[in-house]
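Structural features, examined
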Amino acid sequence: MFTGNDYIAHLREKDGVIQSLEAHLKEVAKLTGEFASKIGLREQGEVIGFLHDIGKASQEFKKYIESAVGLIDPDEDDYVDADRMRGKVDHSTAGAQFIYKELAGNGKESLFAAQVLSMCLASHHSGLIDCISPEGTDAYSKRMNKIEERSHVDEVIGKMSVEIKRSISNRLQSKEFSLELIARFEKLRSTGDSSQTCSFKCGLMLRFLFSCLIDADRLSTADFEEPAYKELRNYGEYKNWSILIEKLEKKLTGFNQEGINQIRGRISQACFDFSNKPKGLFQLTVPTGGGKTFASLRFALHHAKKYKMERVIYILPYTTIIDQNAEEIRNIIEDKDNKGRYSGRIVLEHHSNLMPEKQTARQKALSENWDAPVVFTTNVQVLEALFGSGTRGARRMHQLANAVIIFDEIQTLPIKCVQMFNTAITFLVNNCDSTVVLCTATQPLLDKIDPPSRALSITMEQQIVADPRRLFDELKRVEVFNNIKSGGWTNEEIKVLAEEQVKKLGSVLVVVNTKKTAQEIYRQCKGLRGVESFHLSTNMCPTHRTVEFNKIDAMLLEKKPVICISTQLIEAGVDISFGSVIRYIAGFDSIVQAAGRCNRHNELYPERGAVYIVNPAEENLDMLKDIKLGKEKTERILDEFRNDPDYFNNDLLSPEVMEQYYRYYFYERKDEMNYPVGCQSAVGREDNLYNLLSINTKSINEYQRINNKNPGISLKQAFMSASKSFAAITSAARGVVVPYGEGKEIINKLCSVMEIKKQYKLIKRAQRYSVNVFPNILKKLEDQGAIYEAQEESGILCLDERYYSDEFGLNEEAVKEMGFYNA
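Note that the structure is predicted; figures quoted are calculated from it, not measured. (Residues numbered from 1 in each chain as written. Predicted model: local features only at pLDDT ≥ 70, side-chain atom pairs only at ≥ 80, totals over all residues. Heavy atoms only, no water.)

Let's talk about the overall build of the protein chain
- Within the protein chain, the secondary structure is distributed over 32 helices and 22 strands.
- By the compact-globule yardstick of 28 Å for 823 residues, the protein chain fits well, its C-alpha radius of gyration being 28 Å.
- Taking the principal axes of its C-alpha atoms as reference, the protein chain extends roughly 85 × 65 × 55 Å.
- In the protein chain, which comprises 823 residues, the proportion classed as buried is 60%.
- Intrachain contacts of the protein chain at a sequence separation of at least 6 include 76% that bridge at least 24 residues. (Helix = DSSP H or I, 4+ residues; strand = E, 2+ residues; numbered from the N terminus. Rg over C-alpha atoms; globule rule 2.2 N^0.38 Å. Buried < 20%, exposed > 50% of the residue type's maximum accessible area, 1.4 Å probe, protein only. Contact = heavy atoms within 4.5 Å.)

Focus: helix α5 (residues 93-103)
- By the criterion of burial, α5 is predominantly enclosed, with 9 of the 11 residues buried.
- Within α5 the residues assigned to the buried category are Thr93, Ala94, Gly95, Ala96, Gln97, Phe98, Ile99, Glu102 and Leu103.

A look at the environment of Val347
- On the secondary structure map, Val347 appears in strand β5 (residues 347-350).
- Judged by its relative accessible area of 2%, Val347 falls in the buried class.
- For the pair Val347 and Gly488, spaced 141 residues apart in sequence, the C-alpha separation works out to 46 Å.

Thoughts on the state of the cysteines
- Under the definition given, this model contains 0 disulfides.
- Free of any disulfide, Cys212 has its nearest neighbouring cysteine sulfur in Cys120, separated by 8.5 Å.
- Look at Cys212 and you get buried, because its relative accessible area is 0%.
- Of all cysteine sulfurs in the structure, the one in Cys798 sits closest to Cys751, which takes part in no disulfide; the separation is 5.0 Å. (Disulfide = S-S within 2.5 Å.)

Some words on helix α23 (residues 542-557)
- Under the 1.5 Å per step criterion, the end-to-end length of α23 is 22 Å for 16 residues, consistent within 8% with the ideal 22 Å.
- All of the buried residues along α23 are Pro542, Thr543, His544, Arg545, Glu548, Phe549, Ile552, Met555 and Leu556.
- Residue Lys559 follows α23 closely and has a positive phi angle near 60 degrees. (Expected span 1.5 Å × (residues − 1).)

Some details on the packing of helix α14 (residues 260-274) against helix α15 (residues 292-306)
- Across the interface, α14 lies against α15 with an axial gap of 8 Å and an inter-helix angle of 15 degrees. Judged by the inter-axis angle, α14 sits roughly parallel to α15. Crossing angle aside, the handedness with which α14 passes α15 is right-handed. Together, Ile267, Ser268, Gln269, Cys271, Phe272 and Phe274 of α14 and Ala295, Ser296, Arg298, Phe299 and His302 of α15 make up the contact between the two elements.
- A per-class count over the contact of α14 with α15 returns 6 nonpolar, 4 polar and 1 charged. (Axes fitted to C-alpha atoms, helices over the stretch in contact; angles between N-to-C directions. Parallel < 35°, antiparallel > 145°, perpendicular 65-115°, else oblique. Left-handed = near helix turned anticlockwise from the far one by under 90°. Nonpolar A, V, L, I, M, F, W, Y, C, P; charged D, E, K, R; others polar.)

A short note on the packing of aromatic side chains
- Considering all chains together, one arrives at 21 aromatic pairs under this definition.
- Between Phe112 and Phe185, the ring centres sit 5.0 Å apart and the planes meet at 85 degrees, which makes this aromatic pair edge-to-face. Pair noted here: Phe112 is in helix α6 (residues 108-122) and Phe185 is in helix α11 (residues 175-186), with a separation of 73 residues, a long-range link.
- The exposure class assigned to Phe112 is buried, which follows from its relative accessible area of 14%.
- According to the relative accessible area criterion, Phe185 is buried, its value standing at 6%. (Phe/Tyr/Trp six-rings, centres within 6.5 Å; stacked < 30°, edge-to-face > 60°.)

Focus on the sheet that holds strand β10 (residues 507-511)
- Strand order in the open sheet formed by 6 strands is β9-β14-β13-β10-β12-β11, with parallel pairing between adjacent strands. The two strands at the open ends of the sheet, each matched to only one other strand, are β9 (478-482) and β11 (532-536). On average, each strand axis in the sheet is tilted by 15 degrees relative to the strand beside it, whichever way the strands run.
- Relative to β11, helix α22 (residues 515-526) is tilted by about 170 degrees, and along the sheet it contacts β11, β12 (562-566) and β13 (580-584).
- Sheet strands in contact with α23 are β10, β11 and β12, and its direction is about 150 degrees off that of β11. (Pairing = 2+ DSSP bridges.)

Thoughts on the pairing of strand β8 (residues 435-440)
- Across the 6 residues that make up β8, a large majority, 6, are buried.
- Across the two faces of β8 the burial is the same, with Thr435, Val437 and Cys439 and Val436, Leu438 and Thr440 all buried.
- Bridge count for strand β3 (residues 281-285) against β8 is 5 bridges, and the pairing is parallel. Within the sheet, the bridge partner assigned to Thr285 lies in β8 and is Thr440.
- Bridging between strand β7 (residues 403-408) and β8 involves 5 bridges; their strand directions are parallel. Across the sheet, residue Val404 finds its bridge partner in β8, namely Thr435.

Here we look at the pattern of salt bridges
- By the definition in use, this model includes 55 salt bridges.
- Between Glu310 and Lys38 there is a salt bridge whose closest N-O contact spans 3.8 Å. Separated by 272 residues along the polypeptide, Glu310 in the loop between α15 and β4 (311-316) and Lys38 in the loop between α1 (21-36) and α2 (42-51) bring together distant segments of the chain.
- Assessed through its relative accessible area of 28%, Glu310 is described here as partly exposed.
- On the basis of relative accessible area, Lys38 is assigned to the buried category, the value being 16%. (Salt bridge = Lys/Arg side-chain N within 4 Å of Asp/Glu carboxyl O.)

Things to note about the side chain of Glu102
- Following the sequence through the fold, Glu102 ends up in helix α5.
- It turns out Glu102 is buried and unbridged, and the closest side chain with the opposite charge, Lys165, is 5.9 Å from it. (Lys, Arg positive; Asp, Glu negative; His and termini not counted.)

Focus on the confidence of the model for the protein chain
- Of the residues in the protein chain, 92% have a pLDDT of 70 or more, and the chain-wide mean is 90.
- Across residues 72-86, confidence stays below pLDDT 50; counting only partners more than four residues off in sequence or on other chains, it has 19 contacts.
- Long-range and interchain partners of residues 819-823, a stretch whose pLDDT sits below 50, account for 9 contacts in this model, where long-range means more than four residues apart. (pLDDT = per-residue confidence, 0-100.)

Remarks on unusual backbone geometry
- Residue Pro451 is bonded to the preceding Asp450 through a cis peptide linkage, with omega at -5 degrees.
- Mapped onto the fold, Pro451 is located in the loop between β8 and α20 (468-474).
- Cis geometry marks the peptide bond from Tyr605 to Pro606, where omega comes out at 10 degrees.
- Among the structural elements, Pro606 can be located in the loop between α24 (588-595) and β14 (609-614).
- Phi is positive for His152, which is not a glycine, with a value near 65 degrees.
- Mapped onto the elements of the fold, His152 is located in the loop between α8 (148-151) and α9 (153-159).
- By relative accessible area, which is 7% here, His152 ends up buried.

Examining the pairing of strand β6 (residues 374-378)
- The buried fraction of β6 amounts to 5 of the 5 residues, a majority that puts the element mostly inside the structure.
- The side-chain alternation of β6 yields two buried faces, one formed by Val374, Phe376 and Thr378 and the other by Val375 and Thr377.
- Where β4 meets β6, 5 bridges bridge the pair, whose relative direction is parallel. Each bridged residue has a counterpart across the sheet, and for Leu316 the counterpart in β6 is Thr378.
- In this sheet, β6 lies alongside β5 in parallel orientation, the contact comprising 4 bridges. Within β6, the residue paired with His350 across the bridge is Thr377.

Topic: the environment of Ile168
- If you trace the backbone, Ile168 turns up in helix α10 (residues 162-173).
- Along the sequence, Ile168 and Thr293 sit 125 residues apart, while their C-alpha atoms lie 49 Å from each other.
- The residues touching Ile168, leaving out its near neighbours within four places in the chain, are Phe50, Leu51, Phe98 and Met160.

As structure tokens, this is what we get:
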């Protein structure tokens, strides 16, 4: 392949074995081609896979890697300090420049193809680079013109064998090669698209191809470094959909079809019938308690089988829902081994940020790429795959192609992401052969935003359940009471109301807006005689929450008096039922979801459950903008309902109420839906991510001001600046493993185990014992010595057991005395 001695791609540290550059390039080419074939770009994928690391054939990189692996004696003249040179030897630009040189002079079409492909190569260690930066620099052209002494492109091309160089050049120079690529980009345009939405989708197509390369590169590297790791992967080889369908259908036939289950059965049947429809975008609007988890899974499995789709991806807002739903589905469709444990090859949970973005080779081997037939993950992880910085999230994007993607509780989508999300969904459905289902009892008006080009296109034919209004009437199980009063409710008054409801209906759930309030109300209620009180928040790890859920559930089944005080984690998708719910005022979507935890299975029939909306006197929402604005719109709705209940069908939980609420809420926040950024962001000025990822107007204006001409490149987006400014939630949290229950043993093993296979399994187990911690809290804990790294450079953070409470979970202050653990 290259003249001269064999060139090295990677060294396996534990035994000194070398992966040759030739082997790595061929493997990455094969995998990238396979992944890119999902969008009809196999040949283009193979080429970028083959060229991505050719810079490693340079003499400078050869000296660096051979010094690092000990093939050059430190006393020899050719020796370089590998530690000092780490990250400074550019091996990603050569392949990019090679493509650019081959294609750029062959006309406009080839120039476009050159930019798309070379962008993938130039970016494969950093994340997609800017084309035109916010400062007005043509960063792409600057990279393509990097001097030979830094990129080594001519040196590397000169070392290529004549056969290899001719083969690649012939493929690149082939007219069909560029035209095939351009044809895929031309298909992105839909009726009603603006120049912005077209450019945005072009960026998504580029990121998709980039994703194929990143995943292929990481897989090849990880599997070389840890051959045993291959045993843990599926490599897209999954159980036949028919086997999973058979297991689900057997479970469904076991349900009795009386009462509320008769209605759930109708919903399930509607999903089954709809699964034969062609691929597309659909809505499943079902009242809380309507059984949409099993119903949507039934649709997904049958739809996946009919259209030979690769995977089903469930996307949920909270890890609490993942905990419960994934376990429920796993119990149905996944087999256990001879030790009574699930194989982990069918249902994959991915939600915790245990690993940092800047990963060592060992950490890369532990990262997931959604290689499972049924994946449960969060909104955050999917939005990071579509728009996040670096390579870790982008690596997973290609797995969203040819998939059934179910967004459960879609109303929790961050408002700032709405326009980007809508355009990405259109891209996945129209251009990646996927089916997307938007599920909730409270559908946000994603099809009614401005500008219309960034709205979803949804008609009545796309409704899986044809008459949601009828369902809402049939599934009405609660009465909602507006208990807003002047001055608000004190904590003491909330305690009294909770006690009254327990005596009247046997159990009560109090849903508050902040963790601080949850702890305060819990302390108020804990002393009530004859009542068991529970506290729930995301400061508790998933296993801890599950233990508490099970305790609560058992007491509810035995009809023992229970008060549960929780943050909003409990109000979406959690299958639990109380006689009464007290909901602190917030967005009306949250109130509807909280009401779904009341008389969920109609167990109080013929009576109804009671839901009280209260306004607390002692809760501060100044730092919670979404909740505060939602609260204001809810107050307006409650006033309108009081004045004209007939307009809302005399039902505060009606679809008419929700539609009016979203009209007000979306109108209030219409200017936030393009993801605005300011001077403190990586962009460094007032702008918005939709603009930066599409036509990038302000950056181009700055380029024109500096250069007195237009940029000479097709794609002009500021990819890296936008991605660095993107966060699906306000601050990216880090996962911390906590010493709750088995978590102590897992921490001990994480601190000592070196074998990659064991580490991989520990990481998967550790997700159930982790808490996501925001940067300000993390720093405070680190300053107190409460956080430590499992192993040096592992990036896995662990919590000192003194800072974990059995009542409240992770605490910012020590709650236990120093013991022998980690002393």
